[in-house]
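Residue-level structure breakdown
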Amino acid sequence: FTHARSVLASLGFPFPSSIDSQTVSQIASSLSLEAMALTAEKLRAYPLMTEKISLQAMGIMNSIALHVPFHFAKLSTFQMISCQMMQLTLKQGICIHSLDAFANFGYCMNTLFKNYEAGYRMGKLSLVILERFKATNKLAKVSFLVYGLLCIWKEPVSELSFFLHNAQHTFHALNNSS
């Protein structure tokens, strides 16, 4: 993580050396106002992130966020990465990693504020980005986050199992075809 932090800093996206839950909550709260104003229609027309350095930073942050033991070791660090990815998406436009940013930010809304409605909305917006990029290679991961951790608070489990099963089937089909 130290190396990733220095690379992010060299790209112009420094990551704080110490992270406390109060700071993360303040950042997430201010970001949520802008993020909650987005609709599926607005997101379908949202500009694409084109700046190479921003795209690289998003990729690095997404790789850090994917590191599962890291997430469970310190939730506030995961939340901060999610906030930074969301902030970059809102400023620079969407990219393939933005679908993870929205899903992870939705998870932050659940864990930070117990705002399951906001988490649900962010998850649904993540699916809009998934559709826009036709990113079937990310379907399993995003489906787990969205249907397994975000939608579960708002929709019957019996309806969500179809989407999780479909994502698992797609994952296996993609991995067995190569």
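Residues numbered from 1 in each chain as written. Predicted model: local features only at pLDDT ≥ 70, side-chain atom pairs only at ≥ 80, totals over all residues. Heavy atoms only, no water.

A few words now on the packing of aromatic side chains. For the coordinates displayed, the defined rule picks out two aromatic pairs. Their ring planes at 75° and their centres at 6.1 Å tell us that Phe-78 and Tyr-107 sit as a pair that is edge-to-face. One end of the pair, Phe-78, is in helix H6 (residues 75–92); the other, Tyr-107, is in helix H7 (residues 98–113), and 29 residues separate them in sequence. Each member of the pair, Phe-78 as well as Tyr-107, carries the same accessibility label: buried. Note on Tyr-116 and Trp-153: the rings are 4.2 Å apart at their centroids and 25° apart in plane angle, and the pair reads as stacked. Here the residue Tyr-116 occupies a position in helix H8 (residues 116–133), and Trp-153 occupies one in the loop between helix H9 (139–150) and helix H10 (157–176), the gap between them amounting to 37 residues. The class of Tyr-116 is partly exposed, set by a relative accessible area of 26%. (Phe/Tyr/Trp six-rings, centres within 6.5 Å; stacked < 30°, edge-to-face > 60°. Helix = DSSP H or I, 4+ residues; strand = E, 2+ residues; numbered from the N terminus. Buried < 20%, exposed > 50% of the residue type's maximum accessible area, 1.4 Å probe, protein only.)

Our focus in this paragraph is the confidence of the model for the protein chain. Mean pLDDT for the protein chain: 88, with 89% of residues reaching 70 or above. Taken element by element, the predicted model of the protein chain shows its lowest mean pLDDT in helix H5 (residues 68–73) (52) and its highest in helix H3 (residues 40–45) (97). (pLDDT = per-residue confidence, 0-100.)

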